[in-house]
Amino acid sequence: MEHAKPQVEWMNLTFDLSIILTTTVAAIIVFLIAYLFTRNPDTYIPNKWQNFMEWLLEFVEDIMNNSMGKTNNLFILSTGVSLLMYLFIANLMGVPFSIMTAEENPVTWWKSPTADAHVTMTLAIMIIVYTHFIDIHENGFKHYFVSFFKPFKFLFPINVIEQFATTLTLGLRLFGNIYAGEVMLALLAAAVTKGFVIASLAAVPMIIWQAFCIFIGAIQAYIFVTLTMVYIAHRLT
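Residues numbered from 1 in each chain as written. Predicted model: local features only at pLDDT ≥ 70, side-chain atom pairs only at ≥ 80, totals over all residues. Heavy atoms only, no water.

## Focus on the overall build of the protein
Looking only at helices and strands, the protein features 6 helices and 4 strands. Listed N to C, the secondary structure of the protein is β-β-α-α-α-β-β-α-α-α in terms of helices and strands. Considering the protein as a whole, with its 237 residues, one finds that 38% of them fall into the buried category. About 14400 Å² of surface is accessible on the protein, with carbon and sulfur atoms providing 71% of the total. (Helix = DSSP H or I, 4+ residues; strand = E, 2+ residues; numbered from the N terminus. Buried < 20%, exposed > 50% of the residue type's maximum accessible area, 1.4 Å probe, protein only. Areas by Shrake-Rupley, 256 points an atom, 1.4 Å probe, with all protein chains shown as cover.)

## Description of the confidence of the model for the protein
On average, residues of the protein score 84 in pLDDT, and 90% of them are at 70 or above. Per-residue pLDDT, averaged within each element of the protein, yields its smallest value for strand E3 (residues 99–100) (68) and its largest for helix H3 (residues 74–92) (92). (pLDDT = per-residue confidence, 0-100.)

## Quick word on the packing of H3 against helix H4 (residues 117–146)
Close contact between H3 and H4 brings their axes to 13 Å; oriented N to C, the two are set at 175°. Comparing their axes, H4 and H3 come out roughly antiparallel. On the side of H3, the interface is formed by Phe 75, Ile 76, Thr 79, Leu 83 and Leu 87, while H4 contributes Leu 123, Ile 127, Tyr 130, Phe 133 and Ile 134. Residue classes in the contact of H3 with H4 are distributed as 9 nonpolar, 1 polar and no charged. (Axes fitted to C-alpha atoms, helices over the stretch in contact; angles between N-to-C directions. Parallel < 35°, antiparallel > 145°, perpendicular 65-115°, else oblique. Contact = heavy atoms within 4.5 Å. Nonpolar A, V, L, I, M, F, W, Y, C, P; charged D, E, K, R; others polar.)

## Considering the environment of Ala 115
As for its position among the elements, Ala 115 is in the loop between strand E4 (108–110) and H4. Ala 115 sits 25 residues away from Ala 90 along the chain, and the two C-alpha atoms are 9.0 Å apart.

Okay, structure coming up:
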C-alpha cells in the first residue's frame, strides 16, 4: 500500500508531478465541458448538452439561494458551478484506474487529486480566503473587521480560531472520504495478483465499491459547494 510520489525540487520547492498532472487534467476537462456544451446556445430549442448546463446552473443557484437568500450574484454563482464541476471530476479520476510504475518501490502517477490532503487543504484555504474577499468586496472593510467582534467583543479570539477550524474541517472532510475510497479500491485491486479464484471473488465487490465511490464523489462535491455558500452567507450577514 506504500507508494512513492513523483517529486522534483526546483528553487528549494518540492513539486508533486502526479498532483500537477491530475489537477491540470481535471481543469482542462472542466473547461472543455463548459466550452463544448455552451458554444452554440439556442434560446428556443436547446440541445441536451445545453439543457444539462442549464440544469447545473439552476442546481447551484438553488444551493446559493437556500444558503443566502434570493440573490443574482453571478460572481458567486459562477464560482459554485466551476467548483462543483471541478470537484466532481477530480473526485472520480482515481475510481476507474490508477497508474503506478512496476518497480521495487512503485511510484503513483495517477489517482484522484482530492485523495491528497495537500490539494484539499489548498482548496479549503482558497475558499475561506474567497469568503473573506466577498465580505470586503460587498460590505467594505469596516463591516469585515467589526464582524470578528460580534455578537460580543470578548468573542474575538474564538471568531479567529473558527476561521482556522473551518478551513481544517472543510479540507479534511473531502480528503478523508476520497482517500478512504481509493484505499479500499487498491485493496480490492490487489486481489488480482492473488490468483484467479480470489480475483473472481473480488470482482463484484470492486464494481459495487466503484459505483459507491462515484456516489461519494458526487456527494462530497455537493457538500463542499454547499458549505462554501453557507460560509459566504455567514460572512455577508
